[in-house]
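Descriptive structure summary
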Amino acid sequence: MEQMDYIEDIAVERLRKVIAGEQGGISKSVDWQGGGDFVYCELASANQAYIDKIQRAETEEKLLDLWEEMQQRAFLSYKVDPRDYSTLAKELTDLSLEGLRHFLIDVLDKNLLYVPLSELESSEYSNLCAEDRRLTHTFYHEP
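Everything in this summary refers to the structure shown in the same document. Quantities reported herein were computed from a predicted structural model and do not represent experimental measurements.

Our next topic: the overall build of the chain. Secondary structure summary: the chain contains seven helices and zero strands in total. Taken from N to C terminus, the helices and strands of the chain fall in the order α-α-α-α-α-α-α. In terms of overall size, the chain is more extended than a compact globule, its C-alpha atoms giving a radius of gyration of 20 Å where 143 residues would be expected to give roughly 15 Å. Its C-alpha atoms give the chain principal-axis dimensions of roughly 65 × 35 × 25 Å. The proportion of buried residues among the 143 residues of the chain is 33%.

Following this line, the structure appears as structure tokens:
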């Protein structure tokens, strides 16, 4: 869910200090004087986009609308039986805003937070730009 949140706060900041020549850890041991650069990339979002929307939603109504969309388009956990959707819909209206957020995040398949290579050409992701597609192929080591 928040697997990449640490990048800006920890990894990127540490890399900036190393490039600037900060002395500590291995940099001190090898007498690193600084220099260099770095790049990091994030894959195109799949279920992570739904998590972001869920966290930003301010009303139960918006969350229930997201649930409708998720049933059609998201990668739901195998633990959620599609035959139970109508039963779940009735129960969801009894949940608090936070309870509803928790449920919606729980039913998403966390293994599919980002667009898998196998789904890249699906019409669902036709809005991805050529660079995102290239990066995804490169990430999965496919030329």
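On to the packing of helix α4 (residues 60-73) against helix α6 (residues 97-106). The geometry of α4 relative to α6 is characterised by a closest axis approach of 10 Å and an angle of 15° between their N-to-C directions. Comparing the axis directions of α4 and α6 gives the class roughly parallel. Seen along the crossing, α4 lies across α6 with a hand that is left-handed. Here E60, L63, L64, W67 and M70 of α4 lie close against α6, whose contacting residues are L97, L100, R101, F103 and L104. Each residue belonging to the contact of α4 with α6 can be placed in one class, and the counts come to eight nonpolar, no polar and two charged.

Cut-offs applied
- Numbering of residues starts from 1 in every chain and runs along the sequence as written.
- Totals for whole chains, interfaces and linings use all residues, but because this is a predicted model, local features are given only for residues with pLDDT of at least 70 and pairs of side-chain atoms are given and counted only at 80 or more.
- Side-chain metrics in this entry use all non-hydrogen atoms of the structure; hydrogen atoms and water are not considered.
- Only DSSP runs of H or I with at least four residues qualify as helices, and only runs of E with at least two residues qualify as strands; both kinds are numbered from the N terminus onward.
- Only C-alpha atoms enter the radius of gyration, while the globule expectation follows 2.2 Å times N to the 0.38, with N the number of residues.
- Three labels apply to residues, based on accessible area from a 1.4 Å probe with only protein chains included: buried if under 20% of the type maximum, exposed if over 50%, partly exposed otherwise in between.
- Fitted lines through C-alpha atoms give the axes, limited to the stretch in contact for helices. The angle between two N-to-C directions lies from 0 to 180 degrees.
- Orientation is classified from the angle alone, with under 35 degrees giving roughly parallel, over 145 giving roughly antiparallel, 65 to 115 giving roughly perpendicular, and any other angle giving oblique.
- Less than a right angle of anticlockwise turn of the near helix away from the far helix marks a crossing as left-handed, whereas a clockwise turn marks it as right-handed.
- Contacts are assigned to residue pairs with any non-hydrogen atoms lying within 4.5 Å of each other.
- Amino acids are sorted into nonpolar (Ala, Val, Leu, Ile, Met, Phe, Trp, Tyr, Cys and Pro), charged (Asp, Glu, Lys and Arg) and polar (every other residue, Gly among them).

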